[in-house]
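Residue-level listing of the chains:
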Amino acid sequence: MTPRTHESVSVGDALPAREVRVRRADLVRYAGASGDFNPIHWNERAAAEAGLPGVIAHGMLTMALTGTVLTAWAGDPRAIIEFTTRFLRPVVVPDDEAGASITLSGKVREKHDDGTVRVNVVATAGATTVGRASAVIRLAGRTPQP
């Protein structure tokens, strides 16, 4: 994908929504990659004892998936220079083939003279799971002025 240019983007532009699926096997793979083997991410009993409605996805996995809507839109993962999130609700991952469906979306909130834009992003899985999240993205065709 060709990276977006500063000139081709306007405040209010929506990023194409993406749907991702998270299954229990994804949680196991993420645990292995991250070293986070907390049993609330794989054991129903541990999740219930922690007061959770079921096994939940790792927060950092949810954040990383949310970031995919940004990288797909920007066209270059190096364009993301700041990314913050607020976790509102956990993503419950059922023990079935369907897993959890997460819808990722965003909108350009600000456009700056330095060639960057601020984008608000949201992840929903039945309810908003990641909100009050934003990213600053440096778009192609503009370089920062000293």
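Residue positions within a chain follow its written sequence, with the count starting from 1. Given that this is a predicted model, residues contribute local features only at a pLDDT of at least 70 and side-chain atom pairs are listed and counted only at 80 or more, while totals for whole chains, interfaces and linings are drawn from all residues. Excluded from the side-chain calculations are hydrogens and water; all other atoms, namely the structure's heavy atoms, are used.

If you tally the helices and strands in the protein chain, you get 3 helices and 5 strands. In this text, helices come from DSSP runs of H or I with a minimum length of four residues, and strands from runs of E with a minimum of two, each type numbered from the N-terminal end. The order of α-helices and β-strands along the protein chain, N terminus first, is β-α-α-α-β-β-β-β. Seen through its principal axes, the protein chain has C-alpha atoms that stretch 55 × 25 × 25 Å. Restricting to contacts in the protein chain with at least 6 residues of sequence separation, those with at least 24 account for 66%. Surface accessibility of the protein chain: about 7900 Å² in total, with carbon and sulfur atoms responsible for 53%. Counted as positive: Lys and Arg. Counted as negative: Asp and Glu. His and the chain ends are not counted at all. One atom stands in for each charge, and that atom is NZ of Lys, CZ of Arg, CG of Asp or CD of Glu. Here the protein chain contributes 17 positively and 15 negatively charged side chains, and the mean placements of these two sets differ by 4 Å. Any pair of residues with heavy atoms lying within 4.5 Å of one another is described as a contacting pair. Only the protein chains shown count as covering a residue, and every accessible area follows the Shrake-Rupley method with a 1.4 Å probe.

Generally speaking, a soluble globular protein has its nonpolar side chains buried in company with each other. Ranked by size, the top nonpolar core spans 29 residues in total, and within it L70, W73, I102, V117, V119 and I137 carry the most contacts. Among the elements that line this core, the one with the most residues is helix α3 (residues 59-74), at 6 residues. If we skip the residues at most four places from it in the chain, V117 touches H6, V9, W73, V108, E110, K111, A135, V136, I137 and L139. Residues enter a nonpolar core if they are buried and are Ala, Val, Leu, Ile, Met, Phe, Trp, Tyr or Cys, with the set joined through side-chain atoms within 4.5 Å. Each residue gets one of three labels from its accessible area relative to the maximum for its type: buried under 20%, exposed over 50%, partly exposed in between, using a 1.4 Å probe on protein chains only.

With that settled, consider the confidence of the model for the protein chain. The predicted model of the protein chain has a mean per-residue pLDDT of 92, with 95% of residues at 70 or higher. You can read pLDDT as the predictor saying how much it trusts each residue, on a scale of 0 to 100. Looking over the protein chain, one finds the lowest element-wise mean pLDDT in strand β5 (residues 127-138), namely 93, and the highest in helix α2 (residues 44-49), namely 98.

Turning our eyes to something else, we now look at the pattern of salt bridges. Salt bridges are identified by distance alone: a Lys or Arg side-chain nitrogen within 4 Å of an Asp or Glu carboxyl oxygen. Scanning the model with the defined rule gives 7 salt bridges in all. Of the charged contacts, one joins D76 and R78 as a salt bridge, the two residues approaching to 3.0 Å between their closest N and O atoms. Take D76: its relative accessible area is 19%, and that puts it in the buried class. A residue is classified by how much of its surface remains accessible, and R78, at 69% relative accessible area, is exposed. Put simply, E82, R109, E110 and R118 are held in one network by salt bridges that share partners.

The next subject is unusual backbone geometry. The phi torsion at R132 lies on the positive side, around 50°, for a residue other than glycine. Among the residues examined, R132 registers a relative accessible area of 64% and is labelled exposed.

We call two strands paired when DSSP finds no fewer than two bridges between them. Taken together, 5 strands build an open sheet; the order of strands is β1-β3-β4-β5-β2 and the sheet is antiparallel. Only two strands of the sheet have a single neighbouring strand rather than two, namely β1 (14-22) and β2 (80-87). Each strand axis lies, on average, 20° off the axis of its neighbour in the sheet, ignoring direction. Strand direction decides the pairing type here: β2 and β5, joined by 6 bridges, are antiparallel. Paired with F87 across the bridge in β5 is V130. Working convention: axes come from line fits to C-alpha atoms, limited for helices to the stretch in contact. Angles between N-to-C directions cover 0 to 180 degrees.

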